Amino acid sequence: MSEFSQMLSKFIKERDTNIYMLAKYCNYDRANMYKLTSGKRNAPDLPLVKKLAEYMHLSPDEEKQLIEKYKISVVGYETYYRRKNIEEFLSEFAFAETTLSMAQIDFRIDMESGKNIILKNSHDIESILIHMFTAEMKCEHGKIQMLVQPEIEGLSNVLNLCGHGEGNLRIDHIVRLSNKPDYMEGEKLYNLECLKKILPYYNYNYDYNTWYYYGDISANSYEFTMFPYMILTSEFGCLLTADMKNGYLISEPEMLEQMRNNFCRQQKQSRKLINCVENIAEQFETVGNMVVTKYSGYGLQDDPCVMAFLEDELIQKYVAPQMEHREILVQMTTEYCRCLANQDVTYIFSMEGILNFLETGIITELDPALYTPPTLEDRIRIVEKILEKGTRLLKSPMSDRKTNMNLYVTSEHGLLRIALPEKKVFLDIILEESELLHSFYDYCESMEEELFYEKDEAEKIVRGEVEKIREQ
């Protein structure tokens with residue numbers, strides 16, 4: 001008996017619902033309704049589930065629970081929560097603000113060179129790590145090497161606190177990703193949660209780099225490992241327990257050298273998780289190389305991907321006239337836009353993003369210094385072309401649009417582009433990890449029809465907005 005049937009039976013019993021009347025109201029065969037409640041048959045579609053909820057006067061929360069159980073019964077537990085995790089990541093991700101200050105940290109441990117110290121609690125560990133980070137930030141070529149899982153709260157606190165200081169500290173971070181497809185902890189896709197934890201560190205004042213390897217990340221895999229985590233600076237090494245409540249601080253040179261050798265050995269066996277691309281030429285090259293593929297794909301973002309719909313004439317017209325080497329930029333942009341236009345991509349934008357572009361002419365993919373906003377007539381021309389190409393428009397924005405996130409994905413390649421507000425650059429994340437790539441692609445493939453406007457309805461809304469803007 002499925003969880004959907006169990007929940008449906010529970011609601012029927014609680015409301016003392018007559019099965020015959022329920023079936024009649026839903027225009028559904030009574031015998032099949034009995035099979036539905038006994039778990040011998042699944043609901044044929046979502047509209048029937050909503051009719052069931054309507055007849056039994058379920059509260060919004062109860063209806064939501066019933067719909068969730070129905071969706072799980074259709075696609076399975078792992079697939080449902082994987083897709084839900086991707087949706088939450090795309091809609092809720094934001095760069096966190098600093099929540100701590102140096103004044104809140106009580107530095108009670110005396111760190112003497114050549115002295116090894118036992119760390120007895122999480123407070124001692126955080127204090128020591130902050131000492132290590134701040135000392136390394138003062139070095140001309142400061143470097144920190146970390147072999148530690150990103151979900152550890154103490155690590156997040158330290159990186160958050162120290163990430164807004166002076167300098168450009170290099171951090172090389174190795175993480176272990178789950179070797180089990182769809183592995184979850186508390187209905188959260190573990191590998192995706194790792195990515196979510198890591199991304200904010202790229203927005204801090206670090207030269208941050210990440211590598212990954214596969215392994216068993218279940219709790220018992222650390223059970224007999226005394227110090228599975230390691231953090232190294234030029235002067236100190238810190239060995240940590242899995243819960244980061246105990247540790248050992250080392251400053252003896254020979255031991256530090258051995259720890260660095262162990263880290264380098266592990267790094268060579270690992271793969272780069274995220275590639276950062278920060279200037280426009282590299283951005284064009286990265287995306288251009290990726291989209292030249294025989295595989296069809298999806299482009300998902302709130303604001304329209306204008307570059308895929310720009311004609312040569314408009315590129316020549318709107319590349320900023322004051323740009324140095326302007327003709328080279330025009331040629332490079334033209335080739336890039338032609339490349340995008342020739343690919344088999346289903347673009348998904350939000351209606352709000354389309355209307356915002358119509359009103360402002362802002363192209364979120366480009367640095368504002370590179371172009372002048374198109375005139376209203378040219379903005380209308382671009383939007384008309386977007387609609388002609390079969391672009392799908394979301395009824396609601398994917399996110400609150402404070403974080404500019406763009407996704408391009410096929411079954412073989414993936415790219416997640418995020419604007420870094422503090423560094424004022426774009427971060428390109430090439431999705432090389434197979435399970436993350438599959439999760440993002442599957443989400444785009446399975447987006448529900450009710451999320452989108454019908455083509456005629458979308459065109460009507462856009463025409464109305466065009467008329468309104470012209471009147472103004």
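Residues numbered from 1 in each chain as written. Predicted model: local features only at pLDDT ≥ 70, side-chain atom pairs only at ≥ 80, totals over all residues. Heavy atoms only, no water.

A. Geometry of unusual backbone geometry. The backbone of Asp16 shows a phi angle near 50 degrees, a positive value even though the residue is not glycine. Counting through the fold element by element, Asp16 comes out in the loop between α1 (3–14) and α2 (19–25). The backbone phi angle of Met244 is positive, close to 55 degrees, even though this residue is not glycine. Mapped onto the fold, Met244 is located in the loop between β8 (237–240) and β9 (247–250). (Helix = DSSP H or I, 4+ residues; strand = E, 2+ residues; numbered from the N terminus.)

B. Quick peek at helix α5 (residues 60–75). Counted at 1.5 Å a residue, the expected span for α5 with its 16 residues is 22 Å, and the 23 Å between its end C-alpha atoms agrees. Among all positions in α5, only Glu62, Leu66, Ile67, Glu68, Lys69, Tyr70 and Ile72 are buried. The first or second residue beyond α5 is Gly76, which carries a positive phi of 100 degrees. (Expected span 1.5 Å × (residues − 1). Buried < 20%, exposed > 50% of the residue type's maximum accessible area, 1.4 Å probe, protein only.)

C. Quick look at the nonpolar core. By size, the foremost hydrophobic cluster in this structure holds 76 residues, and its most contacted members are Phe89, Leu90, Phe133 and Phe440. Among residues more than four places away in sequence, those in contact with Leu90 are Leu300, Met398, Ser399, Met405, Leu416, Phe440 and Tyr443. Ranked by size, the runner-up nonpolar core spans 42 residues in total, among them Val319, Leu329, Phe349 and Leu370. (Core = buried A, V, L, I, M, F, W, Y, C linked by side-chain atoms within 4.5 Å. Contact = heavy atoms within 4.5 Å.)

D. The arrangement of α1 in detail. Its 12 residues place the ends of α1 16 Å apart at the C-alpha level, agreeing with the 16 Å of an ideal helix rising 1.5 Å per residue. Among the residues of α1, those classed as buried are Phe4, Ser5, Met7, Leu8, Phe11 and Ile12. Along the long axis of α1, the arc covered by the buried residues comes to 165 degrees, so they all point the same way. Taken together, the buried residues of α1 touch α2, α3 (30–38), α4 (46–55) and α5. (Arc of directions from axis to C-beta.)

E. Layout of the packing of α5 against helix α6 (residues 77–92). Orientation of α5 relative to α6, taken along the N-to-C sense of each, is 120 degrees, at an axis distance of 7 Å. Comparing the axis directions of α5 and α6 gives the class oblique. Viewed along their axes, α5 and α6 form a crossing whose handedness is right-handed. Between α5 and α6, the residues in contact are Glu68, Lys71, Ile72 and Val75 and Tyr77, Thr79, Tyr80, Tyr81, Arg83 and Lys84, respectively. Looking at the contact of α5 with α6 residue by residue, the class counts come to five nonpolar, one polar and four charged. (Axes fitted to C-alpha atoms, helices over the stretch in contact; angles between N-to-C directions. Parallel < 35°, antiparallel > 145°, perpendicular 65-115°, else oblique. Left-handed = near helix turned anticlockwise from the far one by under 90°. Nonpolar A, V, L, I, M, F, W, Y, C, P; charged D, E, K, R; others polar.)

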